[in-house]
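Next come the chains, spelled out residue by residue.
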Amino acid sequence: MSHARNDDPTGAAKSEIPEAPGTEVPGALDHAPPGTAPGAEPGPRPPAAKPAGRRGKVKSTRISGTWIAVIVAIVVLAFLLVFILQNLDTATVHFLGASGSMPLAVAMLFAAIAGAALVALIGGARILQLRKQARRRR
């Protein structure tokens, strides 16, 4: 590897013109932190101040999560309404010996609700089981 550009082995470029002591440029910015002598090694920097007002990062809350859930639910319901309105063909449904006719989309909606209720029931039983174990450990 060639050092034609006056690079040191770590990859940091060196200045072409060496700086002589006392050759500060008038009006140049001093990068030394306040309270240190020019040319002194900088110490640890204090933590940056957090921005005030609305420009800082806003902490999410339960209410904001609820609003997001409500918006998602409205979008899902809109798609569901379109699905139901486009699938109004009558279908005959047989369940546990009973039979009846209803729109296809409504039958599918009932099936989806029954599946969600089954998942909620199993999930609720598992939550109760974990809470019972947590109480025993305390």
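Heads up: these notes are all about the structure in this document.

Criteria and thresholds
- Residues numbered from 1 in each chain as written.
- Predicted model: local features only at pLDDT ≥ 70, side-chain atom pairs only at ≥ 80, totals over all residues.
- Heavy atoms only, no water.
- Axes fitted to C-alpha atoms, helices over the stretch in contact; angles between N-to-C directions.
- Helix = DSSP H or I, 4+ residues; strand = E, 2+ residues; numbered from the N terminus.
- Parallel < 35°, antiparallel > 145°, perpendicular 65-115°, else oblique.
- Contact = heavy atoms within 4.5 Å.
- Nonpolar A, V, L, I, M, F, W, Y, C, P; charged D, E, K, R; others polar.
- Pairing = 2+ DSSP bridges.
- Patch = residues over 30% accessible without salt bridge, like charges linked within 9 Å, V, L, I, M, F, W, Y side chains within 5 Å.
- Areas by Shrake-Rupley, 256 points an atom, 1.4 Å probe, with all protein chains shown as cover.
- Salt bridge = Lys/Arg side-chain N within 4 Å of Asp/Glu carboxyl O.

### Focus: the packing of helix α1 (residues 62-86) against helix α2 (residues 104-137)
Thought 1: One way to put it is that α1 packs onto α2 with a least axis distance of 7 Å and a crossing angle of 140 degrees. Viewed along their axes, α1 and α2 adopt a mutual orientation that is oblique. Packed against α1, whose contacting residues are Leu80, Phe83 and Ile84, the element α2 presents Ala105, Met108 and Leu109 at the interface.
Thought 2: For the contact of α1 with α2, the per-class residue count stands at six nonpolar, no polar and no charged.

### Observations regarding the pairing of strand β2 (residues 98-103)
Thought 1: Pairing analysis gives six bridges linking strand β1 (residues 90-95) to β2, with the strands arranged antiparallel. Bridging from a neighbouring strand, Ala91 pairs with Met102 of β2.
Thought 2: Remark: two residues form the turn of the hairpin made by β1 and β2, two consecutive strands paired antiparallel; Leu96 in that turn has positive phi of roughly 50 degrees.

### Some details on a nonpolar patch on the surface
Thought 1: On the surface, a nonpolar cluster with roughly 440 Å² of combined accessible area is contributed by Ile63, Trp67, Val70 and Ile74.
Thought 2: Mapped onto the fold, Trp67 is located in helix α1.

### Brief notes about unusual backbone geometry
Thought 1: One non-glycine residue, Leu96, lies in the positive phi region at around 50 degrees.
Thought 2: Position of Leu96 relative to the elements: it lies in the loop between β1 and β2.

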